[in-house]
Structures are given as structure tokens and as C-alpha cells.
Amino acid sequence: MDGHVQTKGHYSGLKNIARDFALRLKELIAFQSVRSFARSCQLSETALRKYLNGESTPNLERLIAIANQSGVTVEWLATGKGEKYPPQNVAEPEGGYKTSPQLHEIERIVLNKLIANTEKRLNNIQEIASHSQSPAIWEASIQMEQNTLSDLKAELGRL
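What counts as what
- Per chain, residues are indexed from 1 in the order of the written sequence.
- Confidence filtering applies because this is a predicted model: local features only for residues at pLDDT of at least 70, side-chain atom pairs given and counted only at 80 or more, and all residues used for totals across whole chains, interfaces and linings.
- In computing side-chain values, all of the structure's heavy atoms are included and hydrogens and water are not.
- An axis is simply a line fitted to the C-alpha atoms; with a helix, the fit covers only the stretch in contact. Between two such axes, the angle follows the N-to-C directions and lies from 0 to 180 degrees.
- Going along the chain from the N terminus, every DSSP run of H or I of four or more residues is numbered as a helix, and every run of E of two or more is numbered as a strand.
- Small angles under 35 degrees read as roughly parallel and large ones over 145 as roughly antiparallel, with 65 to 115 read as roughly perpendicular and the rest as oblique.
- Note on convention: near helix rotated counterclockwise from far helix by under a right angle means a left-handed crossing. Clockwise means right-handed.
- Only heavy atoms enter the contact rule, under which two residues are in contact if any of them lie within 4.5 Å.
- For this classification, the nonpolar set comprises Ala, Val, Leu, Ile, Met, Phe, Trp, Tyr, Cys and Pro, the charged set comprises Asp, Glu, Lys and Arg, and every other residue, Gly included, is treated as polar.
- What makes a salt bridge here is a side-chain nitrogen of Lys or Arg within 4 Å of a carboxyl oxygen of Asp or Glu, nothing more.
- Three exposure classes are used, based on accessible area relative to the maximum for each residue type with a 1.4 Å probe and protein chains only: buried under 20%, partly exposed in between, and exposed over 50%.
- Aromatic rings from Phe, Tyr and Trp, taking only the six-membered ring of Trp, are treated as a pair when their centres fall within 6.5 Å; an angle between ring planes under 30 degrees marks them as stacked, one over 60 as edge-to-face, and anything in between as tilted.

Draft legend 1. Local environment of the packing of helix α6 (residues 101–131) against helix α7 (residues 139–158). Two elements in contact, α6 and α7, have axes whose closest approach is 9 Å; the angle formed by their N-to-C orientations is 160°. On the basis of their axis angle, the class for α6 and α7 is roughly antiparallel. Considering how the two elements wind past one another, α6 and α7 form a crossing that is left-handed. Contacts between α6 and α7 involve Arg108, Leu111, Asn112, Leu114, Ile115, Thr118, Glu119, Arg121, Leu122, Ile125, Gln126 and Ala129 from the first element and Ser141, Ile142, Glu145, Gln146, Thr148, Leu149, Leu152, Lys153, Glu155 and Leu156 from the second. A breakdown of the residues in the contact of α6 with α7 according to their chemical character gives 10 nonpolar, six polar and six charged.

What follows is the structure in C-alpha cells.
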């Protein structure tokens, strides 16, 4: 299989992820205005409309903001799997939550996987753009992936 076919398949997979995410997001917004929902999540209306149209998906920080504002789990919002709502009446342990070295290692592993996947996505978009008759239309997607990659690397650096 040549690289072009793989890129095309990967791109269609990303479109499906964006489309499925958009459906879950529409369910959460329900009868609210897009503007008010965006404000409540501290997102721009433009970004939210791109998510709703299946044109893009949020980075991890924005995904968490949407999930927190909507009262749903990040897993369900991102994938449609798992429990939609977090368990109720879970008391914080006395003295608060403590992080362990194992948890930090899991965070590092997850961030490294997210970085690797984002780098692959960025390379695929750049490949598509290089073969496109209108590469300028891909610039926003490339910039978004570069921003996501930068954010993920910064987060990894904070651990």
C-alpha cells in the first residue's frame, strides 16, 4: 500500500472521529445557543462551530472544559464510550487527593502517545496539503495541529 492511500484512509478516519464528536456535542448543547455554550466553556464561537460541523476536534484542554461544563465524562465526550456521567456522591478523601509516581508515569505515557499521534496527524495533513491544488486551505489545520503539539509538549514538560 502506498503512502497516499494510507493518508487518505487516516484522513477519513479523522473525519469520522470529528463527525461522531460533533453528534455528541450537539446532544450536550441541546437547546442552548452556540454562543452561550461557547462562552460557558470559555471557547470562541468559531471554534465551537467548527467542532459542531465536524471540521475539527478540540485539544485536550478544550475537551476537558466542555466535559466539565456539560457534566459528562471526558471519555464519553471524546469517544462515545464509557459512562456518560461521572459517578455521584464520590467524596474526596480526607486530606485531598494525592498523586503518586505511578500516576505521573501514566500521565507521561499518555502524553507521549498523544504527542506521537498528533505528530502523525500533522505529517498526514502536511502530506495532503503538499498534493492539494489549494494548499492554503490546509494552513489552519496545520496550525491547529502545531498548536496542539506545542501544548502537549508543554504539559509533558510540567510533569
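Draft legend 2. Layout of the pattern of salt bridges. Scanning the model with the defined rule gives seven salt bridges in all. Glutamate 27 is paired through a salt bridge with lysine 84; the nearest N and O atoms lie 2.2 Å apart. Taken together, the residues span a long stretch of sequence, with glutamate 27 in helix α1 (residues 3–29) and lysine 84 in the loop between α5 (74–79) and α6 at a distance of 57 residues. In this structure, glutamate 45 engages arginine 49 in a salt bridge whose closest nitrogen and oxygen atoms are separated by 2.8 Å. Placement of the pair is glutamate 45 and arginine 49 together in helix α3 (residues 45–52), with a separation of four residues, close to one helical turn. By relative accessible area, glutamate 45 is classed as partly exposed at 24%.

Draft legend 3. Molecular detail of the environment of asparagine 53. With respect to the helices and strands, asparagine 53 occurs in the loop between α3 and α4 (60–70). It is 8.3 Å that separates the C-alpha atoms of asparagine 53 and alanine 18, two residues lying 35 residues apart in sequence.

Draft legend 4. Highlighting the packing of aromatic side chains. Scanning the model with the defined rule gives one aromatic pair in all. On the basis of an interplanar angle of 85° and a centroid distance of 6.2 Å, the ring pair of phenylalanine 21 and tyrosine 51 is categorised as edge-to-face. Remark: tyrosine 51 occurs in helix α3 and phenylalanine 21 occurs in helix α1; sequence separation between them is 30 residues. According to the relative accessible area criterion, phenylalanine 21 is buried, its value standing at 3%.

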